[in-house]
Amino acid sequence: EMIWHHKIKKYYEQYVDTFVAPSEFMARKLIKHGYDKNKVVVIPNPVAVVKKTSNGHGKYVGFAGRLSEEKGVDVLLAAAKELPHIAFKIAGSGPDENRLRAVCAEQKLTNVELVGFKTGAAMQEFLDQASILVAPSVWYENAPLSVLEPMAQGRIVLGSRIGGIPEMLPKEFLFAPGNSTELADKILAWHLAAASERAEAGKTLQDLARLRYSPEAHLEQILQVYQ
């Protein structure tokens, strides 16, 4: 069906006026693979910025997302192994959940806890109690909410330098994908930083989210496309 639609009938090429890409990364990929650059518009995903901000304190380093190979949770576990004195919590479910639990048991990662799938108020509490959130993806991300939502709440977010993530975070919050040692170094540096410094970094990311990803700006850009 997809071959018929896209390769033979070329429905997208004929009948779509504009392709909205949530990241420059995705726009470049579309153009590289033959889409008309004049039809591609970059409009970032929106996020509501909450009024409260982090006070710089937190109980653990957190990950929230699908537990599958491309999300790089193995990289986070390797970093946790280098930092046995720091607590890590992993929220989510997916095809790798049992394997990751086995890895934690086999390597005696007593500082790591897999807390299962969370949503709503439970997810908000998970974010509120984290000192640092990590998006350690090893495969392309577009414009992940796992980065955007903690930013909007004034949390420190560390992300791998891949896909659309480098567009979202300043370079001091990025690390090479798959490099657990660099990730561990970043986590340790922020863990040892004063609470006031962590709070200020969280505010910087929140201000960035407010500037780039406000729902009002998103609506205005979408309306411009339709007009």
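Participant: Outline the overall build of the protein, supporting the account with residue identities and numerical values.
Facilitator: When helices and strands are tallied, the protein shows eleven helices and eight strands. Taking the principal axes of its C-alpha atoms as reference, the protein extends roughly 55 × 40 × 30 Å. Partitioning the intrachain contacts of the protein with sequence separation of at least 6 by distance along the chain shows that 68% fall at a separation of at least 24. Just so you have it, the protein exposes about 12300 Å², and 54% of that area is on carbon and sulfur atoms. Of the side-chain charges in the protein, 27 are positive and 26 negative, and the distance between the mean point of each set is 1 Å.

Participant: An account of the sheet that holds strand β4 (residues 88-91) is requested, with residue identities and associated values reported.
Facilitator: The sheet built from six strands is open, its strands ordered β5-β4-β3-β6-β7-β8 with parallel pairing. The outermost strands of the open sheet, each flanked by one partner alone, are β5 (112-116) and β8 (174-175). Direction of pairing for strand β7 (residues 156-160) relative to β8: parallel, over a ladder of two bridges. Residue pairing in the sheet places Gly159 in a bridge with Leu174 of β8. Its contacts with the sheet put helix α7 (residues 145-152) on β3 (60-64), β6 (130-135) and β7, and the angle it makes with β7 is roughly 160°.

Definitions and cut-offs
- Residues numbered from 1 in each chain as written.
- Predicted model: local features only at pLDDT ≥ 70, side-chain atom pairs only at ≥ 80, totals over all residues.
- Heavy atoms only, no water.
- Helix = DSSP H or I, 4+ residues; strand = E, 2+ residues; numbered from the N terminus.
- Contact = heavy atoms within 4.5 Å.
- Areas by Shrake-Rupley, 256 points an atom, 1.4 Å probe, with all protein chains shown as cover.
- Lys, Arg positive; Asp, Glu negative; His and termini not counted.
- Charge placed at Lys NZ, Arg CZ, Asp CG, Glu CD.
- Pairing = 2+ DSSP bridges.
- Axes fitted to C-alpha atoms, helices over the stretch in contact; angles between N-to-C directions.

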